[in-house]
Amino acid sequence: MTDGKGRGARVAVYTLSAIALVTMASAWAGTTVPGGGQAKSDCYVVLDASGSGAFTAPSTVTCTDGDPSCDQDGACNDSCTFRVRLCVNQPGLPACVAPLSLDSVKPGSLPPPGLIGENCGSFVDKTVQVRTRGNRKRPGKLKIKAKGKAPKGTKPRVDKDTYVLVCQPRKCGTPGTAHLLQGATTPHSAAALRHSSAGLSSGNWYVSPDKIKIKLTRINFAGATQQDSTDADLVDCVVTYDRAAATLAPLLDCPFSIGPGTYTSMNLFVDPTSEVLISDATNGLYTDPSAPTKLSSTAPADGAAFVPVTATLGTAFQQFFSTPLVVTDQPVSLSVVIDAVQTVQLTSSGGTPPTFGTYFPAYVFPSIGGVGKPQYYTSSGTADTYDDSTVLANIIRVYYEPNGAPTYSLFQQRGMSLMGCADGAYGIGAHAADNRTTPVNNDGSRPGGWLGLDSTNTMCWVYAGDQAFSTYSNYLTMGKVPNIGDSTTLRCAQTTSPTPPSSGSTYASGCPPMTNQFVAVPMTLVAD
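Counting restarts for each chain, with residues numbered from 1 along the sequence as it is written. Given that the model is predicted, a residue must reach a pLDDT of at least 70 before its local features are reported, and side-chain atom pairs must reach 80 or more before they are shown or counted; all residues, however, enter totals for whole chains, interfaces and linings. Water and hydrogen atoms play no part in the side-chain values, which are based on all heavy atoms of the structure.

**Structural notes on the overall build of the protein**
Here's step 1: In this description a helix means any DSSP run of H or I spanning at least four residues, a strand means any run of E spanning at least two, and both kinds are numbered starting from the N terminus. Helix and strand counts for the protein stand at 1 helix and 39 strands.
Here's step 2: Within the protein, residue pairs in contact and separated by at least 24 positions form 68% of the contacts whose partners lie at least 6 positions apart.
Here's step 3: Accessible surface area values rest on a Shrake-Rupley calculation with a 1.4 Å probe, where residue burial reflects the displayed protein chains alone. Of the roughly 23600 Å² of accessible surface on the protein, 52% is carried by carbon and sulfur atoms. Note on contacts: a residue pair qualifies if any of its non-hydrogen atoms lie within 4.5 Å across the two residues.

**Quick look at the confidence of the model for the protein**
Here's step 1: Every residue is assigned a pLDDT by the predictor, reflecting its confidence on a scale from 0 to 100. Across the protein, pLDDT averages 85, with 87% of residues at or above 70.
Here's step 2: Within the model, pLDDT remains below 50 along residues 1-29, and this stretch shows 57 contacts once partners closer than five positions in the same chain are excluded.
Here's step 3: This model gives residues 190-197 a pLDDT under 50, and the stretch forms 20 contacts once residues within four places in sequence are excluded.

**Focus on the packing of aromatic side chains**
Here's step 1: Here the aromatic set is Phe, Tyr and Trp, taking the six-membered ring for Trp, and pairing holds for ring centres within 6.5 Å; pairs whose planes are under 30 degrees apart are stacked, those over 60 apart are edge-to-face, and all others are tilted. Within this structure, the stated rule accounts for 10 aromatic pairs.
Here's step 2: Ring geometry for Phe 365 against Tyr 408: centres 5.9 Å apart, planes inclined by 10°, an arrangement best described as stacked. With Phe 365 in strand β29 (residues 363-368) and Tyr 408 in strand β33 (residues 406-413), this residue pair connects regions lying 43 residues apart in the sequence.
Here's step 3: Only protein chains enter the accessibility calculation, which uses a 1.4 Å probe; a residue whose area is less than 20% of its type maximum is buried, one above 50% is exposed, and one in between is partly exposed. Taking relative accessible area as the criterion, Tyr 408 reaches 15% and is therefore assigned buried.
Here's step 4: What links up through ring pairs into an aromatic cluster is the set Trp 450, Phe 469, Tyr 472, Tyr 475 and Tyr 507.
Here's step 5: Here, a charge over a ring is recorded when the distance from Lys NZ or Arg CZ to the ring centre is within 6 Å and its angle to the ring normal is within 35 degrees. In this arrangement the basic side chain of Lys 213 is found over the ring face of Phe 306, its NZ or CZ atom lying 4.4 Å from the centre.
Here's step 6: Just above the ring of Tyr 400 sits the side chain of Lys 480; from NZ or CZ to the centre is 4.3 Å.

**Concerning the state of the cysteines**
Here's step 1: By definition, disulfides here are pairs of cysteine sulfur atoms that lie within 2.5 Å. Using the criterion set out here, one finds 6 disulfides in the structure.
Here's step 2: Note on cysteine connectivity: Cys 87 is disulfide-linked to Cys 120, with sulfurs 2.1 Å apart. Judged by the sign of its S-S torsion, about 105°, the bond between Cys 87 and Cys 120 is right-handed. Here Cys 120 lies in strand β8 (residues 119-120) and Cys 87 lies in strand β6 (residues 79-88), a separation of 33 residues in the sequence.
Here's step 3: You can call Cys 120 buried: its relative accessible area is 15%.

**As for the sheet that holds strand β26 (residues 332-339)**
Here's step 1: Should DSSP find at least two bridges between two strands, the strands are taken to pair. Spatial ordering of the open sheet is given by β18-β14-β26-β29, a layout of 4 strands whose pairing is mixed. Of all the strands in the sheet, just β18 (250-258) and β29 have a single pairing partner and so form its edges. In this sheet, adjacent strand axes meet at a mean angle of 25° when their direction is disregarded.
Here's step 2: The pairing of β26 with β29 spans 6 bridges and is classified as antiparallel. Within β29, the residue paired with Ser 335 across the bridge is Ser 367. Here the axes come from fitting lines to C-alpha atoms, over the contacting stretch only for helices, and the angles between their N-to-C directions go from 0 to 180 degrees.

Take a look at the structure:
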């Protein structure tokens, strides 16, 4: 054998006497590649590849660039990183009886395994580049040769294999970055809703956690049809909201890739399991990993700690674009605000330890472009823990674009203080969008609400009676205030035929007069 320059090339041969004995281990559960030699000797040496779904032939492992199930770097970068190792004496191949040991093994470019019993060498990463010729991309290949020799008298005695790692090209999308930011917050206060430090009384409680860790997993950018939609995976996008941090403080940047196209909305998905930390001496409430419900009325010896909370509802967050997002080759910038003011729902009954609710314990608001501003209004008068069974609070979360225009409002009528005014309302969110012209989603829903802020700093919006905005339920107004502690009034009127904006797609051109006002509710800005 030569090294390509006419010189004799050394071939490493590992024999039983030449290497130290190592602890025997079974092959790791991945993709086993026998190598395509004689079936009766295929189990003498095999290639073990990390991942699944990539095995395409007896001697070949194929992976598509950026496929996280087999490409270890997870990026669309014209290469695949395979994690592989060489294993010997492996059972499970029906035509082959694994010998008790091998006399020798030539591992090629891989770390050698031990020779006795089921044994594997160390994992190594092998990077295979996609071949590029002009504007065309072709699969890249890397060959790994290995040879195992069984003791004399074994038939067949030799297993000689060539393993092929193939990297299939993929058209990489436009790069994007999700900039994760701290949402609206305010420091703890010893206000209005102090309770016994012996623990929470019976009721439905809403808590502002001290910290919460969430994992963002992917973004779906939706086009006019399902075929025009695309997913963008977020890798290692784990962020911690800290109530002590400043509003809109940068938390983390998460890269993604998006294919070219025209998109009208997006859905951001989170892992249903988050980690929550609560340390509330005022109400006697602490997260404690050792407690049966992960909640305790007394502080743990080492202090409150993160506990896992798994939600069954509210793990996808949608945002519509007032102007379609057209992706070509320019980078896409996405802002994501993480809100956790009174987002953790607890239930306490009859003096038993409280338990976590089923909703995701944070709000995540994605938007395209620059950083806007969040605000949190409530009729409870506090951003701290409170008992919704007695306070009967209403809540409005508002998110603003960088120019100060509201882009989305989320209303929660927990106390039913709007009574019949909200009867028949479809959903609880309103967008800065004209529901008469916005695109219809695949499920028949469409964004709308005419949410706008007029020249008098009054916000106005309508709610629909159905997901297609073919009917209406009510009309609401509320004055925007600038400072924490400022009060305003939420007004509601039932209507099946609200007055459309006098110009444009929102009520920024001026809120129409409210006739037949049904109810007025005082609200306080408690976090921004």
